[in-house]
Amino acid sequence: MPAFSKADLVMAGQRGMPGMKMRSAVAVSRDGKTLVVTPNTRLGHGRYTVAWRAVSTDTHRVAGTYGFTVR
C-alpha cells in the first residue's frame, strides 16, 4: 500500500550530535515491490541510514534499516 509505505534518509551526526534527516522523494516502483528513495540534493561524504517501512495489501507491516557510506 504505497500511501502507508515510507522511508527516511538520515546522515549520521558527529559525536554527541543527532543525525540530520535528508530531504528526499520516496516512491513505490512500477512493480509494486520496491521503494525508491531519491535524495533532493547530492549526498556529501559521510555515513547514512535508510529507515524504511512498508504495508502490504493485507495490512501486514514490515520495517528495517540499512546503512551505507559515501566516500
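Everything below is about the structure shown above.
Residues numbered from 1 in each chain as written. Predicted model: local features only at pLDDT ≥ 70, side-chain atom pairs only at ≥ 80, totals over all residues. Heavy atoms only, no water.

Caption draft 1: Spotlight on the pairing of strand 5 (residues 46-55). Pairing of strand 1 (residues 6-11) with strand 5 involves six bridges; the strand directions are antiparallel. Its bridge partner lying in strand 5, Ala7 is registered against Trp52. Two elements, strand 5 and strand 6 (residues 61-70), share 10 bridges in a ladder whose sense is antiparallel. Within strand 6, the residue paired with Thr49 across the bridge is Gly67. Remark: five residues form the turn of the hairpin made by strand 5 and strand 6, two consecutive strands paired antiparallel; Thr59 in that turn has positive phi of roughly 70 degrees. (Pairing = 2+ DSSP bridges. Helix = DSSP H or I, 4+ residues; strand = E, 2+ residues; numbered from the N terminus.)

Caption draft 2: Seen up close, the pattern of salt bridges. Across all of its chains, the model carries two salt bridges by this definition. Between Asp8 and Lys21 there is a salt bridge, and its shortest N-O distance comes to 3.2 Å. Here the residue Asp8 occupies a position in strand 1, and Lys21 occupies one in strand 2 (residues 20-22), the gap between them amounting to 13 residues. Linking Arg53 and Asp8 is a salt bridge whose minimum nitrogen-to-oxygen distance equals 3.4 Å. Of the two residues, Arg53 is situated in strand 5 and Asp8 in strand 1; the sequence distance between them amounts to 45 residues. In the salt-bridge network here, residues are joined through shared partners; they are Asp8, Lys21 and Arg53. (Salt bridge = Lys/Arg side-chain N within 4 Å of Asp/Glu carboxyl O.)

Caption draft 3: Molecular detail of the nonpolar core. Grouped together as the largest cluster of nonpolar side chains are six residues: Ala7, Leu9, Met22, Leu43, Tyr48 and Val50. Not counting chain neighbours up to four residues away, the residues in contact with Ala7 comprise Val26, Val37, Val50, Ala51, Trp52 and Arg53. (Core = buried A, V, L, I, M, F, W, Y, C linked by side-chain atoms within 4.5 Å. Buried < 20%, exposed > 50% of the residue type's maximum accessible area, 1.4 Å probe, protein only. Contact = heavy atoms within 4.5 Å.)

Caption draft 4: Region of interest: the sheet that holds strand 6. With antiparallel pairing, four strands are arranged side by side in an open sheet as 2-1-5-6. The open sheet has two free edges, formed respectively by strand 2 and strand 6, since each of these has just one partner strand. In this sheet, adjacent strand axes meet at a mean angle of 25 degrees when their direction is disregarded. (Axes fitted to C-alpha atoms, helices over the stretch in contact; angles between N-to-C directions.)

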